[in-house]
Amino acid sequence: MRKLLWSLFQILSLLVLMDHSAAGQATNALVSGGKTEIPFQFVSRSTDAAWSSGTLLELEDRFSSAPIFRTWDRAGKLLSEIAFTFPGAYHINIYSHSFARGADGSLAIIGTAETNDAGEILFLAWVSPDGQQTIVRLPDFFPYAATIAADGTIWVAGANGSAQQGQLQNLIRRYDKTGALLGSFIPWSTPQKTLPPAVRSVLVSSKDRVGWYSPISHEYVEFSLDGTAMSRFTTPSTQSDAIFGAALCDDGTVFAATPRPFSDGKPASWGILALARNSGQWSFISMNEAQAQGRLFGCDGTSLAVTTDDRTISWLNPVR
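Because the structure is predicted, anything quoted here is derived from the model rather than measured. (Residues numbered from 1 in each chain as written. Predicted model: local features only at pLDDT ≥ 70, side-chain atom pairs only at ≥ 80, totals over all residues. Heavy atoms only, no water.)

Chemist: Please explain the nonpolar core as it appears in this structure.
Modeler: Taken as a class, soluble globular proteins show a tendency for nonpolar side chains to be buried jointly. Ranked by size, the top nonpolar core spans 18 residues in total, and within it Phe69, Phe84, Ile94, Ile109 and Phe123 carry the most contacts. Broken down by secondary-structure element, the contributors of at least two residues to this core are β3 (55-60), β7 (89-93), β9 (107-115) and β10 (119-127). Ranked by residue count, the leading element in this core is β10, at four residues. Residues Ala145, Ile186, Trp188 and Val221 belong to the second largest nonpolar core, which totals 15 residues. (Core = buried A, V, L, I, M, F, W, Y, C linked by side-chain atoms within 4.5 Å. Buried < 20%, exposed > 50% of the residue type's maximum accessible area, 1.4 Å probe, protein only. Helix = DSSP H or I, 4+ residues; strand = E, 2+ residues; numbered from the N terminus.)

Pasting the structure below:
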């Protein structure tokens, strides 16, 4: 039975590579595809942003009683602004890789809410385009990353905080917009003195799949929209297993922003890794200009949306 399942997985993986032939080739460089001014300022740790469903999703005051989400189009025009609140909470914490925008303009948000009555509450929230909120409490499941798939389902990577050592749990959950759990997968047993793979991980989505990049377990896994694992790749070891961002483009190309060492051994702030599906190898790729730091917002179709100065968004196109 195991041999049969493995054979089916190999056939499926081959079909995936055939469907994404461009992504199978090595990306050698990124060239500019245009840029525009960022219509807001990054203020220390309180501001974050992600490219999601063709827009730049800004998060302001992410550690406050009412974080603000703003959506901007490619030209820097404000499309929407929503203040997120949690009933009874005096403080809300929303971390990096914890929010996403759907194609219909809805938002998915994960985080923690601090209340006087119930203490810290772990939550998943869905906000409709007109600002209506659906909040689901996540008892014993600490959420670390979230995305909205092309079919509108909400995916969350997390860990069971109360699980005993050795107890099996599923690391990724899939919800509908009402907060109903549709499924969970990636079983994992908690070893002693080991961080859960969901910590510092990133969920990304494209037109036909969802990807999960885990720097701690050194795995990148892709799923079909129904939750079936399609392919797995080993991720490279990076300094302190850090990751600044990940992106899955509509043509199947995959990128990750991580610390990159200079040639003399001193660490630089960031670099962009690209996956060559045919070989399963990751390699740093060059840009037009050497940059010491930056942010990877995500994929916009088949281009990368990044910033290297926190003032302008640059769209970078892969060269093979």
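Next comes the rest of the write-up.
Chemist: Would you mind going over the state of the cysteines with me for this structure?
Modeler: One covalent bond between the sulfur atoms of two cysteine residues makes up a disulfide. Counted under the stated rule, the structure contains one disulfide. In this model Cys249 forms its disulfide with Cys299; the gap between the sulfur atoms is 1.9 Å. Disulfide Cys249-Cys299: the torsion about the S-S bond is -70 degrees, which places it as left-handed. Of the two residues, Cys249 sits in the loop between β20 (245-248) and β21 (254-258) while Cys299 sits in strand β25 (residues 295-300), which places them 50 residues apart along the sequence. Of the two residues, Cys249 and Cys299, both sit in the buried class. (Disulfide = S-S within 2.5 Å.)

Chemist: What is the right way to read the packing of aromatic side chains from this model?
Modeler: Where two aromatic rings form a pair, the distance of their centres and the angle of their planes describe that pair. Throughout the structure, instances matching the rule amount to 16 aromatic pairs. Geometrically, the ring pair formed by Phe84 and Phe123 is stacked, given 5.6 Å between the ring centres and 25 degrees between the ring planes. Residue Phe84 is found in the loop between β6 (78-83) and β7, and its partner Phe123 is found in strand β10; the two are separated by 39 residues along the sequence. Like Phe123, Phe84 is buried. Where Trp155 meets Phe185, the ring centres are 5.4 Å apart and the plane angle is 65 degrees; that geometry is what we call edge-to-face. (Phe/Tyr/Trp six-rings, centres within 6.5 Å; stacked < 30°, edge-to-face > 60°.)

Chemist: Would you mind going over the environment of Gly294 with me for this structure?
Modeler: Tracing the backbone through its elements, the reader meets Gly294 in the loop between β24 (286-287) and β25. Assessed through its relative accessible area of 23%, Gly294 is described here as partly exposed. The residues touching Gly294, leaving out its near neighbours within four places in the chain, are Trp270, Thr307 and Thr308. (Contact = heavy atoms within 4.5 Å.)

Chemist: Explain the sheet that holds β3 to me, please; I cannot follow it from the model alone.
Modeler: Strand pairs in the sheet, formed through backbone hydrogen bonds, run parallel or antiparallel to each other. Spatial strand order, β2-β3-β5-β6: four strands in an open sheet with antiparallel pairing. If you trace the sheet from one side to the other, it starts and ends with β2 (48-52) and β6, each paired once. Direction aside, neighbouring strands of the sheet carry axes that sit 20 degrees apart on average. Here β2 pairs with β3 via five bridges, running antiparallel. Within β3, the residue paired with Ala50 across the bridge is Leu57. (Pairing = 2+ DSSP bridges. Axes fitted to C-alpha atoms, helices over the stretch in contact; angles between N-to-C directions.)

Chemist: What exactly am I supposed to notice about the sheet that holds strand β17 (residues 210-214) here?
Modeler: Overall, antiparallel pairing links the four strands, which are arranged β16-β17-β18-β19 in an open sheet. Unpaired on one side and paired on the other, β16 (202-205) and β19 (229-234) mark the two borders of the sheet. Mean inter-strand twist for the sheet, computed between neighbouring axes without regard to direction, equals 15 degrees. Note that strand β18 (residues 219-223) and β19 share five bridges and pair antiparallel. Counterpart to Phe223 in the pairing with β19 is Ala229.

Chemist: How should the pairing of β21 be read in this particular structure?
Modeler: A regular strand places its side chains so that they alternate between the two faces of the sheet. When you tally the buried positions in β21, you get five out of five residues, the bulk of the element. Every second residue of β21 is oriented toward a common face, with Val254, Ala256 and Thr258 on one face and Phe255 and Ala257 on the other, all of them buried. The sheet contact formed by β20 and β21 spans four bridges and is antiparallel. By the bridge assignment for β21, Gly245 is matched with Ala257. Between β20 and β21, which pair antiparallel and follow one another directly, the connecting turn spans five residues, one of which, Gly252, has a positive phi of 95 degrees. Two strands pair when backbone bridges link them, and β21 and strand β22 (residues 271-276) are joined in this way by four bridges, in the antiparallel orientation. Bridged to Thr258 within β22 is Gly271.

Chemist: Just to check I follow, could you spell out the pattern of salt bridges for this structure?
Modeler: Two side chains carrying opposite charge are able to pair once their charged atoms lie near each other. Taken as a whole and judged by the stated rule, the model has 13 salt bridges. Between Arg311 and Asp309 there is a salt bridge, and its shortest N-O distance comes to 3.8 Å. Overall, the relative accessible area of 27% leaves Asp309 in the partly exposed class. Counted as one network, the salt bridges with shared partners bring together Glu58, Glu60, Arg70 and Glu81. (Salt bridge = Lys/Arg side-chain N within 4 Å of Asp/Glu carboxyl O.)

Chemist: Is there a simple way to think about the confidence of the model for the protein in this case?
Modeler: Parts of the prediction with low pLDDT should not have their coordinates interpreted in detail. In this model, the protein carries an average pLDDT of 84, and 80% of its residues clear a pLDDT of 70 or more. Mean pLDDT values for the elements of the protein range from 41 in helix α1 (residues 2-19) up to 98 in strand β8 (residues 99-101). Taken together, the stretch residues 1-19 has pLDDT below 50 and engages in 15 contacts with residues farther than four places along the chain or on a different chain. (pLDDT = per-residue confidence, 0-100.)

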